[in-house]
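# Fold and geometry: a report
The residues making up each chain are set out below.
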Amino acid sequence: YQRRVRAPLGVAPGVLPPPPGGVLSSVASPQSPDGQNDNFGLPPKKFLKPSKKMRGFMWQKLPPKDIPNSFWKNVDDEVVDIDTKELEDIFAIVDESKPSPRSETTCADQASKACVSLLDSKRSNAIEIMLKSLKMNNIEIKNCLLSMELNLPAEKLKSLQTNLPTQEEILLIDSYDGDKTELANAEKFFQSVSKIPMLSLRVGSLLYKENFLHKRRELNNALETLLGAIRIIKSDQRFHAVLQIILTIGNFLNANTNRGQTYGFKLSSLSKLGDVKSPKNPSVTLITYLSELLITHKDQSLIKCIKEFSPVHEACRESTDELSNQITLLLEGLIPIKSHLESSNCDASFQEAMKAWVPEAEVEVNLLQQKNESVKKGIQQLYVLFGETPNTKSEDFFGVISSFVNSLEHCIMNSTKKRVAEAETEKRRLSRKSSRANIANLTSPRNNNSSAVGEFDTMLNNMKNGQVFTERKKTTLTRHHTTTTTHNHQLYQT
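Because the structure is predicted, anything quoted here is derived from the model rather than measured. (Residues numbered from 1 in each chain as written. Predicted model: local features only at pLDDT ≥ 70, side-chain atom pairs only at ≥ 80, totals over all residues. Heavy atoms only, no water.)

As a further point, take the overall build of the chain. A tally of helices and strands in the chain yields 17 helices and four strands. Expressed as a percentage of the 494 residues in the chain, the buried residues total 32%. Within the chain, contacts between residues at least 6 apart in sequence are counted, and of these 76% link residues at least 24 apart. Surface accessibility of the chain: about 32,100 Å² in total, with carbon and sulfur atoms responsible for 56%. (Helix = DSSP H or I, 4+ residues; strand = E, 2+ residues; numbered from the N terminus. Buried < 20%, exposed > 50% of the residue type's maximum accessible area, 1.4 Å probe, protein only. Contact = heavy atoms within 4.5 Å. Areas by Shrake-Rupley, 256 points an atom, 1.4 Å probe, with all protein chains shown as cover.)

And the structure:
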């Protein structure tokens, strides 16, 4: 448990709190240098100090400047009669564990030992979380900052920078006249690092150095992406040929109107191709017509060019204005480091950590600036090339082209799928037709068999009628006559 002892209302941070002197003791209101009351006209408050360590009430105090215009201006809590003895009996923290010897242990290690917190609860909790994430004790953090060898990732350095003590907080802790070994972890951390010279600059320099490599690589990749997009749009003749086809179609559709007979169009017009629909079939638009035209075009490289527009798709997510600002901030971050290196109070550890690195960083930033100027110049050339205004945002310019290419690629893909499906359907139709022809050929012998079956049925009927015997007799007589005739002819020749 923690007992949070806060500066009483009306006592400015840094002013010594009153010494313990019983349950109630008065405290003088802070005075301004000219002797005037510096408490916005509010009367001094009495400082209550229980004889036991109490359970804290985690409220949020109003600053004195907000009191005069609030409900609390006319509220006097000193006229309220309270039984302090009863409060102590009810809300005092019971410590049943054996007292531990004074050491470097933290409040978390001594749960039974009450800790004194002078900071706001939210502020204190944030510092506690930060200290746990660092996994270092106060002495280790202090030594690493002094030697400029605090090897932490950027997010943890950023957290440390956010939770450094302010001058007011340092004065508040220094003014505490109690046992400082009983201070909470956040206050002990502030007490440990407050004596480090140029503390804020040290942490800021370490954070800048840690972020520099990642930031430089990120900015360089963005600039290279923009340069690649500029090269494609400026010099890809296949893309220019597609724009030429669109110009031809547009002039034909707009014939006999004031929109016809034009020599060019704004690239923003590409987004309207999908709005031109066929009166007979609204599913057919100018963009779908263009995709069909490109699929059947004799120059198939016009379709392949849209596969190479990935830098343009990435470029529409970059802002040249934002990139320029980021490079400027990167350059400005070196200024305080260089200034401290040139000052007489720069210590040896800071010199060793930064002196050799700063010139290398300056060279890298200068290269980024040169590349950024090339990007700006290339984009302005594109604006002139396509008749855009100089103040056009680069992300809007690349975004229009990216959307057009995506839509065209989508239509081509759908058309290709449709053509493949139609080819499969035609293939199945021809296969069924061939199967029917084969079946017809296979049924021809079956028809012959049917004829034979019919003759057999006829023979059975003849047998029933006795006609078959007459036919057999006739056949026998014919064979006998033929044999006799042949025998007589042979005798004759002999």
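All right, on to the environment of Asp 179 then. Its location among the elements puts Asp 179 in the loop between helix 5 (167–174) and helix 6 (185–193). On the accessibility criterion, Asp 179 (22% relative accessible area) is partly exposed. It is 9.1 Å that separates the C-alpha atoms of Asp 179 and Val 116, two residues lying 63 residues apart in sequence. A distance of 2.7 Å separates the side chain of Asp 179 from the side chain of Thr 181, its partner in a polar contact. (Polar contact = N/O pair within 3.5 Å; in protein donor to acceptor, adjacent residues only side chain to side chain.)

Another aspect to go through is the packing of aromatic side chains. According to the stated counting rule, one finds eight aromatic pairs in the structure shown. Look at Tyr 208 and Trp 357: their rings are 5.9 Å apart centre to centre, the planes differ by 80°, and that puts the pair in the edge-to-face class. Residue Tyr 208 is found in helix 7 (residues 199–235), and its partner Trp 357 is found in helix 15 (residues 357–385); the two are separated by 149 residues along the sequence. Tyr 208 sits in the buried class, given a relative accessible area of 13%. (Phe/Tyr/Trp six-rings, centres within 6.5 Å; stacked < 30°, edge-to-face > 60°.)

Another aspect to go through is the pattern of salt bridges. Evaluated as defined, the whole model comprises 11 salt bridges. A salt bridge links Arg 202 to Asp 347; its shortest N-O distance comes to 2.3 Å. Of this pair, Arg 202 sits in helix 7 while Asp 347 sits in the loop between helix 13 (334–342) and helix 14 (348–354), and the two are 145 residues apart along the sequence. The partly exposed category is assigned to Asp 347, whose relative accessible area is 23%. One salt bridge in this structure joins Arg 429 and Glu 426, with 2.6 Å as the shortest N-O distance. Pair noted here: Arg 429 and Glu 426 are both in helix 16 (residues 394–465), with a separation of three residues, about one helical turn. (Salt bridge = Lys/Arg side-chain N within 4 Å of Asp/Glu carboxyl O.)

Before going further, it helps to spend a moment on helix 12 (residues 320–332). With 13 residues, helix 12 should reach 18 Å at 1.5 Å per residue; the first-to-last C-alpha distance of 18 Å fits that figure. Every buried residue of helix 12 is listed here: Thr 320, Leu 323, Ser 324, Gln 326, Ile 327 and Leu 330. Buried residues of helix 12, seen end-on, are gathered within an arc of 160° and therefore sit on one face of the element. (Expected span 1.5 Å × (residues − 1). Arc of directions from axis to C-beta.)

All right, on to the packing of helix 7 against helix 15 then. Two elements in contact, helix 7 and helix 15, have axes whose closest approach is 10 Å; the angle formed by their N-to-C orientations is 25°. Overall, the two elements helix 7 and helix 15 adopt an arrangement that is roughly parallel. With respect to the hand of their crossing, helix 7 and helix 15 are arranged in left-handed fashion. Partitioned by chemical class, the residues of the contact of helix 7 with helix 15 number 16 nonpolar, five polar and six charged. (Axes fitted to C-alpha atoms, helices over the stretch in contact; angles between N-to-C directions. Parallel < 35°, antiparallel > 145°, perpendicular 65-115°, else oblique. Left-handed = near helix turned anticlockwise from the far one by under 90°. Nonpolar A, V, L, I, M, F, W, Y, C, P; charged D, E, K, R; others polar.)

The next subject is empty space enclosed by the protein. Summed over all chains, the structure comprises two cavities of 30 Å³ or more. Counted as a void, the second largest cavity has a volume near 40 Å³. For the lining of the second largest cavity, the secondary structure elements donating two or more residues are helix 8 (237–253) and helix 16. Ranked by residues supplied to the lining of the second largest cavity, first place goes to helix 16 with three residues. (1 Å grid on protein atoms, 1.4 Å probe; cavity = no way out; pocket = protein on both sides within 12 Å on 5 of 7 lines; lining within 4 Å. Points joined across faces, edges and corners; volume = space filled by probe spheres on them.)

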